[in-house]
Every structure is written in structure tokens, then in C-alpha cells.
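Observations on the model geometry
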Amino acid sequence: MSIFVVFRIQSPEKLNKAIKEAYPNDSLKVSEGEWLVSASATAKEVATKLGIIDGDTGSAIVFKMDSYYGRAPTDIWDWIVTKSEASE
């Protein structure tokens, strides 16, 4: 599975709802306006599924993660490892 970063959210309440509906078991809210999503898709497909492309959920940026590094709470690292190692 690929990990996507969804951020710079214009309408957080709309996108939060869309993410919870589209990816209920494959998303993690990192902070207000920042999400991680796990999916077998492209960034465009994730954005479309979330209603970003047609504007239903406001605007946001979706990036596919290629690598990662940094400092964050353990639960975030555990989620990333679990989702990135999950089979499709």
C-alpha cells in the first residue's frame, strides 16, 4: 500500500468527513488539517475519491510518500510502518 499526505486543507470539516467515509480504516489524522491515508491508488485517484478534484470538499494537496524521516509520536511511526508493509 502507498501512503499519502493530505494537507493545506481549506475546509477541514468537509475533508475530515470525506476521509473518514472513504478510508475509515486506512487514515490517520496527524493534526488539524493534516492526514495520512493508505491506499492502492495514485495521488490523483485519492484526491478524486475525497472530492478534492470536483471541489465538493474544498481544496487540499495530496502527496504520495516516497520516503520519510523526522520526529513524531510513536503511534504515527507505527501506523506508517504497518500501512506501508500491508499487502494490497
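Heads up: the structure comes first, above all this text.
Residues numbered from 1 in each chain as written. Predicted model: local features only at pLDDT ≥ 70, side-chain atom pairs only at ≥ 80, totals over all residues. Heavy atoms only, no water.

Moving on to the pairing of strand E3 (residues 34-39). By the criterion of burial, E3 is predominantly enclosed, with 5 of the 6 residues buried. Pairing analysis gives 6 bridges linking strand E1 (residues 2-7) to E3, with the strands arranged antiparallel. Paired with Val6 across the bridge in E3 is Trp35. As defined by bridge partners, strand E2 (residues 27-31) adjoins E3 across 4 bridges and the pair is classed as antiparallel. Note that in E3 the partner of Ser27 across the bridge is Val37. With antiparallel pairing between neighbouring strands as the criterion, E2 and E3 make up a hairpin whose turn holds 2 residues, including Gly33 at a positive phi of roughly 80°. (Buried < 20%, exposed > 50% of the residue type's maximum accessible area, 1.4 Å probe, protein only. Helix = DSSP H or I, 4+ residues; strand = E, 2+ residues; numbered from the N terminus. Pairing = 2+ DSSP bridges.)

The sheet built from 4 strands is open, its strands ordered E2-E3-E1-E4 with antiparallel pairing. Each having just a single partner strand, E2 and strand E4 (61-64) make up the two edges of the open sheet. Neighbour-to-neighbour, the strand axes of this sheet turn through a mean angle of 25°, independent of strand direction. Note that E1 and E4 share 4 bridges and pair antiparallel. Paired with Val6 across the two strands is Val62, which belongs to E4. The sheet contacts of helix H1 (residues 12-22) involve E1, E2 and E3, and relative to E3 the element is tilted by about 25°. (Axes fitted to C-alpha atoms, helices over the stretch in contact; angles between N-to-C directions. Contact = heavy atoms within 4.5 Å.)

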